[in-house]
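Notes for the structure review
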Amino acid sequence: KTLYRLKQIDTDGTIAYSDAIEVTVDALPTEYALYQNYPNPFNPSTTIRYQIPHDSRVKIELYAPTGEMVEVLMDEDKPAGYHQLQLKSTERLSSGIYFYRITATAPGVVSTFTAIKKMVLMR
């Protein structure tokens, strides 16, 4: 919880404060989300951002347009919150279109979150 109030200074130098307002800020996300990487197209690196509302096992995979998995970028347990992953292009990645997929599974939660986004590597 945070308290806010405004301070007003008039042109004649008179100062007045507003009443305090209490605001509750929810720092944790309430739903799963995978965001578009930035920059896109990219070279030599890009950032993949995502959010998870529960502690989860998160796996992010990189796929070629043919559907062939190129690489597992991450496969680890993450706490609830906002996260990002830095992807750096290497010699094994050629210019072109790729897809990245996130799969997040939280213990005790019945469903699994999956989302896919497209990225472009330009050399």
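Relevant structure appears above.
A short tour of the structure in this document, coming up. Going along each chain's sequence as written, the residues are numbered from 1 onward. The model is predicted, so local features are restricted to residues of pLDDT at least 70 and side-chain atom pairs to those at 80 or more, both for listing and for counting; the totals for chains, interfaces and linings are taken over all residues. Each side-chain value is derived from all of the structure's non-hydrogen atoms; neither hydrogens nor water enter the calculation.

Let us now look at the nonpolar core. Grouped together as the largest cluster of nonpolar side chains are 23 residues, with contacts concentrated most on Tyr50, Val58, Ile60, Ile102 and Met119. In this text, helices come from DSSP runs of H or I with a minimum length of four residues, and strands from runs of E with a minimum of two, each type numbered from the N-terminal end. At the level of secondary structure, the elements contributing two or more residues to this core comprise strand E6 (45–52), strand E7 (56–63), strand E8 (69–78), strand E9 (81–88), strand E10 (96–105) and strand E11 (113–121). Once residues within four sequence positions are removed from consideration, Val58 is found in contact with Tyr50, Ile52, Met74, Asp75, Glu76, Lys78, Ile102, Thr103 and Ala104. Among buried residues, the Ala, Val, Leu, Ile, Met, Phe, Trp, Tyr and Cys ones that are joined through side-chain atoms within 4.5 Å form a nonpolar core. The classification of residues rests on relative accessible area computed with a 1.4 Å probe and restricted to protein chains. Under 20% of the type maximum is buried, over 50% is exposed, and intermediate values are partly exposed. The contact rule is simple, with two residues in contact once any of their heavy atoms fall within 4.5 Å.

Before going further, it helps to examine a nonpolar patch on the surface. To count toward a patch, a residue needs a relative accessible area above 30% and no salt bridge. Like charges then connect within 9 Å, nonpolar side chains (Val, Leu, Ile, Met, Phe, Trp, Tyr) within 5 Å. In short, Shrake-Rupley with a 1.4 Å probe defines the accessible areas, and a residue's cover is counted only from the protein chains shown. Salt bridges are identified by distance alone: a Lys or Arg side-chain nitrogen within 4 Å of an Asp or Glu carboxyl oxygen. There is a patch of nonpolar side chains on the surface, built from Tyr4, Ile21, Val23 and Val25 and spanning about 390 Å² of accessible area. Among the secondary structure elements, Val25 is positioned in the loop between strand E4 (21–23) and strand E5 (33–34). Judged by relative accessible area, Val25 falls into the exposed class, the value being 56%.

Here we take up unusual backbone geometry. Here the amide bond leading from Tyr38 into Pro39 is cis, since omega sits at -5°, within 30 degrees of zero. Relative to the assigned elements, Pro39 resides in the loop between E5 and E6. In this chain, Asn43 is followed by Pro44 through a cis amide linkage whose omega measures 10°. For Pro44, the location among the structural elements is in the loop between E5 and E6.

One pass over the structure, following the stated rule, counts six salt bridges. For the salt bridge of Glu61 with Lys59, the shortest nitrogen-to-oxygen distance reads 3.5 Å. Accessibility expressed as a relative area gives 5% for Glu61, which makes it buried. With its nearest N and O atoms 3.0 Å apart, the salt bridge here joins Lys78 to Glu76. Connected through shared salt-bridge partners, Arg57, Asp75 and Asp77 make up one network.

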